[in-house]
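Below, each chain spelled out in residue letters.
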Amino acid sequence: MSRRTTLIVVAAVVGIGGYFGYQYWLSRQNALPAGIASGNGRVEAKLVDISPKESLRVKEIRFQEGDLVRPGDICVLMDTNTIEAQLEEAKLNVVATQEKEAVEKATIERIKAQIELAKVEVVRSKNLVAQRAGSQRELDVRNTQLKTTTASLQEEEAKLRTILQEVAVAQAKVATIQTRIDDATLRSPVLGRVLYKLAEVGEVLAAGGKAMTLVNLQDVYMEIYLPAADAARVRLGAQARIVPDHVEGRTVAGYVSFVSPEAQFTPKQVETRSEREKLMFRVKIKVPEKTVSAFIEYLKTGVRGVGYVKLDDSVEWPSWLQKTLEPPETNGKAAAAKENGQ
């Protein structure tokens, strides 16, 4: 064998050895200490549908797919011309019933004045009869007039109560129609991103029909699956980390918000210990809302990654899981304290 060939062989051996040594070093660097479990998953968020309460025509769409929307933002305007005409009619009905109320109150005041006059006439007639200057017949007429006028007052007061109820019903109808108009302005209930635009301007949507679907960025999480032995040690609120595939060298701090009480993969018969160890339980790692808000422009759902969960609070995170994306504190002095003891 020539010297040149020997050098090539030696170089190849050294290279192969170095490659496998480097891979071994990497595996040691990324090795998890006892007390930390991991699982594959993807970053997800809840979906929110934007829908009208009643069948209306789409008048305006203010956001397109991919746009960021904040709570209270107007997403879609529905055509309310017909409802607004009903509102004007209802308002006129309120004015008419209020006029009836005013007339009835004036009638009641007039009758009360007649009653006061009738009382005076009765007293005067009594005095005249006592002095033998008036007739008993005239006193009887005065008493009858007083009773009749008092009965008329009671009748008109009953009418007024009915009219007041009519006014209240008319005002309630106005409020109901106004609520329908307000509901025709479809607002975002969450901080989110438009995933699908499902309607077009001019299209008539049925009640509950979807105008658009939002990704709720206030509820971002990753679900991983852990074997029964690890899932049994996970507690709610335990520290967790998410490492998305697209974030190089950074992790996202989170916490365990849910551990499924039921196994996701269950053999037909679970009788032996080895079979029970095959059970896998769903664990949900939630990202704190303040972290989501701080990095809202970079957050993407559907991205694959790995989730890590502490089974033992006393265990320290390995160095490559300690550098997390943290929102800044409002005072600007340091990174925000980690949520839930992180």
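In this text, all values refer to a predicted model and were calculated from it rather than measured experimentally.

A. Quick look at the overall build of the protein chain. A count of helical and extended segments in the protein chain gives six helices and 13 strands. The burial tally for the protein chain puts 35% of its 342 residues in the buried class. In the protein chain, once contacts between residues fewer than 6 apart in sequence are set aside, the share between residues at least 24 apart is 77%.

B. Structural detail: the packing of helix 2 (residues 81-130) against helix 3 (residues 136-183). With their axes 7 Å apart at the nearest point, helix 2 and helix 3 run at an angle of 165° to one another. Relative to helix 3, the element helix 2 lies roughly antiparallel. In the crossing of helix 2 with helix 3, the sense of the turn from one axis to the other is left-handed. Residues belonging to the contact of helix 2 with helix 3 are distributed by class as follows: 21 nonpolar, 14 polar and 18 charged.

C. Just the confidence of the model for the protein chain, in detail. Looking at the protein chain, pLDDT values average 83 and 80% of them are 70 or higher. Throughout residues 20-29 the model reports pLDDT below 50, and contacts reaching past four residues in sequence, or to other chains, amount to one contact. Counting interchain partners and residues more than four positions distant, the pLDDT-below-50 stretch residues 267-272 has seven contacts.

D. The arrangement of the nonpolar core in detail. Formed by 27 residues in total, the largest nonpolar core has its most connected members in Val58, Val76, Met78, Met212 and Leu214. Beyond its immediate stretch of four places on either side in the chain, valine 76 contacts Val58, Glu60, Ile61, Ala184, Thr185, Leu186, Ala211 and Met212.

E. Structural view of the pattern of salt bridges. Counted under the stated rule, the structure contains 15 salt bridges. We note a salt bridge from glutamate 166 to lysine 100, for which the minimum N-O separation is 3.1 Å. Note that glutamate 166 is positioned in helix 3 and lysine 100 in helix 2, a separation of 66 residues in sequence. Residue classification places lysine 100 among the partly exposed positions, given a relative accessible area of 41%. Put simply, arginine 282 and glutamate 223 hold a salt bridge, and the shortest N to O gap is 2.8 Å. Of this pair, arginine 282 sits in strand 11 (residues 280-286) while glutamate 223 sits in strand 8 (residues 212-227); the two residues are 59 residues apart in sequence, bridging distant segments of the chain. The class for arginine 282 is partly exposed, based on a relative accessible area of 21%. Take glutamate 223: its relative accessible area is 18%, and that puts it in the buried class. A single salt-bridge network, built from bridges that share partners, covers Glu121, Arg124, Glu138 and Arg142.

F. Here's a closer look at helix 2. Here helix 2 is 50 residues long and its end C-alpha atoms lie 74 Å apart, about the 74 Å a rise of 1.5 Å per residue gives. Positive backbone phi, approximately 60°, marks arginine 132, located one or two places after helix 2.

G. Broad picture of the packing of aromatic side chains. For the structure shown, the criterion picks out one aromatic pair. Seen in terms of ring centroids, tyrosine 308 and tryptophan 320 are 5.5 Å apart; in terms of plane orientation they differ by 80°. Their pairing is edge-to-face. Here tyrosine 308 is found in strand 12 (residues 304-310), whereas its partner tryptophan 320 is found in the loop between strand 12 and strand 13 (324-325), with twelve residues between them in sequence. Of the residues examined, tryptophan 320 reaches a relative accessible area of 23% and is grouped as partly exposed. Sitting above the plane of the tyrosine 221 ring, lysine 284 keeps its charged end 4.3 Å from the centroid.

H. Looking closely at the side chain of threonine 291. Along the chain, threonine 291 turns up in helix 6 (residues 289-294). Beyond its immediate sequence surroundings of up to four residues, threonine 291 is in contact with Val252, Leu325 and Pro327.

I. Here's a closer look at the pairing of strand 10 (residues 251-263). Where strand 9 (residues 239-244) lies against strand 10, four bridges are found, and the strand directions are antiparallel. Pairing of alanine 240 across the sheet is with glycine 254, part of strand 10. One ladder, built from two bridges, connects strand 10 with strand 13; its direction is parallel. When the sheet's bridge partners are listed, valine 252 is paired in strand 13 with leucine 325. Pairing analysis gives five bridges linking strand 10 to strand 11, with the strands arranged antiparallel.

J. View of the sheet that holds strand 7 (residues 204-205). Spatially, four strands are ordered 5-4-2-7 in an open sheet, and the strand pairing comes out antiparallel. This sheet does not close on itself; its edge strands, each paired only once, are strand 5 (185-187) and strand 7. Pairing of strand 2 (residues 56-61) with strand 4 (residues 74-78), which is carried by three bridges, proceeds in the antiparallel orientation. Bridge pairing in strand 4 links glutamate 60 to leucine 77.

K. Looking closely at helix 3. Its 48 residues give helix 3 an end-to-end C-alpha distance of 71 Å, which sits within 8% of 70 Å, the value for a rise of 1.5 Å per residue. For helix 3, the full list of buried residues reads Leu139, Leu146, Thr149, Leu153, Glu156, Leu160, Ile163, Val167, Ala170, Val174, Ile177 and Ile181. Packing partners of the buried residues in helix 3 comprise helix 2 and strand 5.

About the cut-offs
- Residues numbered from 1 in each chain as written.
- Predicted model: local features only at pLDDT ≥ 70, side-chain atom pairs only at ≥ 80, totals over all residues.
- Heavy atoms only, no water.
- Helix = DSSP H or I, 4+ residues; strand = E, 2+ residues; numbered from the N terminus.
- Buried < 20%, exposed > 50% of the residue type's maximum accessible area, 1.4 Å probe, protein only.
- Contact = heavy atoms within 4.5 Å.
- Axes fitted to C-alpha atoms, helices over the stretch in contact; angles between N-to-C directions.
- Parallel < 35°, antiparallel > 145°, perpendicular 65-115°, else oblique.
- Left-handed = near helix turned anticlockwise from the far one by under 90°.
- Nonpolar A, V, L, I, M, F, W, Y, C, P; charged D, E, K, R; others polar.
- pLDDT = per-residue confidence, 0-100.
- Core = buried A, V, L, I, M, F, W, Y, C linked by side-chain atoms within 4.5 Å.
- Salt bridge = Lys/Arg side-chain N within 4 Å of Asp/Glu carboxyl O.
- Expected span 1.5 Å × (residues − 1).
- Phe/Tyr/Trp six-rings, centres within 6.5 Å; stacked < 30°, edge-to-face > 60°.
- Lys NZ or Arg CZ within 6 Å of the ring centre and 35° of its normal.
- Pairing = 2+ DSSP bridges.

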